[in-house]
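Residues per chain are reported as follows:
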Amino acid sequence: MTTITRKPENPTAHLTEADIEQIGIELDAIRQDVIDSRGERDAAYIRRLVDVQRRLELGSRAVLLGSAIPPLWVLGTVGLSVAKILENMEIGHNVMHGQWDWMRDPKIHSTTWEWDNASTSDGWKHSHNEVHHTYTNIVGKDNDLGYGIMRVDEDQRWVPFYLLQPLWNFVNACLFEYGIAAYDLELGKNLRIPKEKRSAEFQENLAKTLRKIRKQATKDYVVHPLLALPFGGAVGALAGNLVANVVRNVWSHSVIMCGHFPEGVETFERAAIPEDETRGEWYLRQMLGSANISGGKVTHLMTGNLSHQIEHHLFPDLPSNRYAEVAPKVQALFEKYDLNYHEAPLPQQLYSAWHKVVRLSLPNDWLATTTPKNLPSQLKTLWAMSTKGPKVRRAAQARLTQLARRQQAAAAEQPGSAAA
Amino acid sequence: MVDMTTAHLPAGAGGRPAGLGRTLRERVRTAARSVAESAVTPLDLDDLLDHFHPLRRGAELSGRVLEVVPETAQSATLVIKPGRDWAGHVPGQYVRVGVDVDGVRLWRTYSLTHGPRRDGSISITVKAIEGGTVSNHLVHRTAPGTMLRLAQADGDFVLPQPLPAKLLLVTAGSGITPVIGMLRNLFSRATPPTTDIVLIHSALSRAEVIFAEEIRGYAARGLIRLVELHTDTDGLLDVDSLDELVPDLAERPTYACGPAGLLDALEAHHSARGLVLHTERFRPVTVAAPGEGGTVTFADGREVSADGSTPILDAAESAGVLMPSGCRMGICMGCVLPLKEGAVRDLRNGALTVAVPGETDPAGVPIQTCVSAPAGACSVDHS
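Residues numbered from 1 in each chain as written. Chains lettered and ligands numbered in written order. Predicted model: local features only at pLDDT ≥ 70, side-chain atom pairs only at ≥ 80, totals over all residues.

(A) Seen up close, the overall build of chain A. Summing up its helical and strand segments, chain A has 17 helices and two strands in all. A compact globule built from 420 residues would reach a C-alpha radius of gyration of about 22 Å, and chain A, at 23 Å, matches this within 12%. Counting only C-alpha atoms, chain A reaches 70 × 50 × 50 Å along its principal axes. Within chain A, buried positions represent 40% of all 420 residues. Residue pairs at least 24 apart in sequence account for 70% of intrachain contacts in chain A once pairs closer than 6 positions are excluded. (Helix = DSSP H or I, 4+ residues; strand = E, 2+ residues; numbered from the N terminus. Rg over C-alpha atoms; globule rule 2.2 N^0.38 Å. Buried ≥ 20, exposed ≤ 12 C-beta atoms within 10 Å, placed from the backbone. Contact = placed C-beta atoms within 7 Å.)

Pasting the structure below:
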């Protein structure tokens, strides 16, 4: 993928300025419809969900007390995993977006909610609500794009370090809550600053995050195992908590990857975003920078309705239980303006996202030009690019690009054959 | 979590000397609580217990509606079982009630209409006013079992102890509500007080009299002298007719509750003659002409605009900002926030409060958001 402005065919080229502003007006109307009709039914939904989630977590933890019996371990661990996913995705994420602030209930409010995650709600609200949702998919500004450790775009110069990025991505998935905490703190950037020069704000946030991590870890890995000790379930409880946290981490990482990373989701160039981006232009960027996951009610619930990532990015503060009914209207708008409503089932989106991670871990065009037949020579090229310095890299890259172009031209001449 | 904490409860502490037992129990309870807290973080233990026993001791105060008793076509009494921490009340006091209407938590203040009851329940009597979101919801659409948020009883509209020999009570419309609480309390005693009580009550019509049978009953039993006026036939209560209605007016301290017009007239009448008057107002007196209004900026950057007659509290709540609030009529100081910059106008008297960075208190000038409207752009230290 390339940022939208560098593409040979900009998918928004057919839209006039007036079209874009009209899109903004129509989306505002969809939003207002929901605001006008939200009420008791929605409030009952979130209260019931919070109630179910807390009972499920309590119940699962109680079952884990008896985790010395294997079926109870499985039951408790599955329940706890589901509870943690619900808490982070459909409840925590959405409450912290302010989706339920209109209820004026201090117990379910973005300013008071703290979630079951290593990152503090304050840190997350800044990096997610302010940075990611405002600068969605702008390379270099939206840290959700690769979290600063990954190559997410062809335009980023390839270096051998990126060969490891599928591994980083997997490790990040398993430890996702800590990854989020680190990037809320902009840990990488701050650690490069000499200790005495780091801002007081960073020091304070770091202390808060460490305190939160300590409390979270104490709960999951000390208190609950100790409570299970008299029943012989200490190890089981420890393992159950560990597995549940990893399951939750991998799941939320996967959902988030599916939201912005599959092939076909657009990224944007920092310089191409006007200073005074209009509401319509902002909406358009959200429309093209997100991807949906198709599926049933369970999928929507367990992804925290981020399966409606497009709708979520258009209307981040509308109650998540309303995205499903808004989606057909939004999709119709995409069709009306001939834009690509990016939607596919979870496995497909996940494959696509991972494929992109792997593709971008390799030099541009390497994967596309590799066939079983030329694999040995391609590997040789890759080896040379990885070990021999920038000059060789540049030359090899030029050859790869040329090869890709030739293959494309050949494919174009033979319309019957599949494109490379 | 519940089963886990019980595992830490003391066994056989009963046999110890009372003092030692208590301290040990306290200590064990504190320890069990801190274990439980560390087991449920980032939630508080109370967040969880709320799902099982919202009326327990230590919970944020709330109440469960037990009964909704219609009084007139447009009014009803809600009997409420308050949480264990309800500290009780004196008849005549009010309670702030948080009601979820269409999913939105709204707070209103109502007089308590019973003296302390033997069953521990409390009651409020609500008159549905035209266009009143909360009052209509409470009167017409509230079922037993509904949970309400509560604040502790408050207010100084209470009878003095010991009671004076003579009393005059003046009420109009739903202004009867604090007074019925006083009367019920007095007359439920084994020996009713000997105080000579006159109640002047004015309502729109005979059918609109809340607690009609009850007050007429007190009068029939000779417990009070009742002067019942109906606006449709008698016109509004004219304070100049008081001497006629109550010849010994000067001997009677007056307690009055009703619309602002009546209370204002009474205040003028009584102060001119040097008579004692206690009033209870349901709404703030707003004398200020609507001012300029403006935009209020909160600490987190949120901006809310309000016109010159809308309190900052209402405007901010409508915009989804979680605001501290209390009586909503400028009495309890529960809504006070620091004004960092700009000006606000007090809706009760039009007074301007101004905050200038570098000149006024750096921590901000405290303002009552429930009776202050913005007068131009201003910023409030709250998020």
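Anyway, onward from the coordinates.
(B) Structural context of the sheet that holds strand E5 (residues 122-127) of chain B. Residues and elements named next belong to chain B. The strand order across the open sheet built from six strands is E4-E3-E6-E1-E2-E5, with neighbouring strands paired in antiparallel fashion. Of all strands in the sheet, those bounded by a partner on one side alone are strand E4 (104-111) and E5. With strand direction ignored, the average angle separating the axes of adjacent strands in the sheet is 40°. Bridging between strand E1 (residues 62-72) and strand E2 (residues 75-82) involves eight bridges; their strand directions are antiparallel. Opposite Val65, over in E2, you have Ile80 as the bridge partner. Where helix H4 (residues 133-140) meets the sheet, its contacts fall on E2, strand E3 (94-101), E4 and E5, and the angle it forms with E3 comes to roughly 85°. (Pairing = 2+ DSSP bridges. Axes fitted to C-alpha atoms, helices over the stretch in contact; angles between N-to-C directions.)

(C) Expanded view of unusual backbone geometry. All names here are of chain B. Here the amide bond leading from Thr41 into Pro42 is cis, since omega sits at 10°, within 30 degrees of zero. Locating Pro42 in the fold gives a position in the loop between helix H2 (18-40) and helix H3 (45-49). Between Gln161 and the following residue, Pro162, the backbone shows a cis peptide bond with an omega angle of -5°. Note that Pro162 resides in the loop between strand E6 (147-150) and strand E7 (166-172).

(D) Region of the structure containing the interface of chain B and chain A. On the side of chain A, 29 residues touch chain B, which itself brings 19 residues to the contact. Sorting the residues of the side of chain B that touches chain A by element identifies helix H1 (2-6), H2 and E4 of chain B as the ones contributing at least two each. No other element matches the three residues that H2(B) contributes to the side of chain B that touches chain A. Residues of the side of chain B that touches chain A, tallied by class, amount to eight nonpolar, six polar and five charged. (Nonpolar A, V, L, I, M, F, W, Y, C, P; charged D, E, K, R; others polar.)

(E) A look at the packing of helix H1 (residues 17-37) of chain A against helix H13 (residues 323-336) of chain A. All names here are of chain A. Between H1 and H13, the shortest axis-to-axis distance is 11 Å and the interhelical angle comes to 170°. Classed by the angle they form, the pair H1 and H13 counts as roughly antiparallel. Here H1 contributes Ile23, Glu26, Ile30 and Val34 to the contact with H13, which in turn contributes Val326, Lys329, Val330 and Leu333. Each residue belonging to the contact of H1 with H13 can be placed in one class, and the counts come to six nonpolar, no polar and two charged. (Parallel < 35°, antiparallel > 145°, perpendicular 65-115°, else oblique.)

(F) Molecular detail of the domain arrangement of chain B. All names here are of chain B. You can read the domains of chain B as domain 1 (2-49), domain 2 (62-150), domain 3 (166-280) and domain 4 (291-380). The C-alpha-based centres of domain 2 and domain 3 are spaced at 23 Å. Taken together, the 14 residues of domain 2 in the interface contact 14 residues of domain 3. Every element with two or more residues in the side of domain 2 that touches domain 3 is listed here: E1, E4 and E5. Grouping the constituent residues of the side of domain 2 that touches domain 3 by class yields four nonpolar, eight polar and two charged. (Domains from an automatic or database assignment.)

(G) Expanded view of the environment of B:Gly58. All names here are of chain B. The topology assignment puts Gly58 in the loop between H3 and E1. Looking at Gly58, the number of C-beta atoms within 10 Å reads 12, which means it is exposed. Ignoring any residue separated from it by four or fewer positions in sequence, one finds Gly58 in contact with Asp46 and Asp85.

(H) Focus on helix H9 (residues 260-273) of chain B. All names here are of chain B. The terminal C-alpha atoms of H9 lie 20 Å apart, and with 14 residues this matches the ideal 20 Å at 1.5 Å per residue to within 8%. For H9, the secondary structure elements touched by its buried residues are E7, strand E10 (254-257) and strand E11 (277-280). Gly274, located one to two residues past H9, shows a positive phi value of around 70°. (Expected span 1.5 Å × (residues − 1).)

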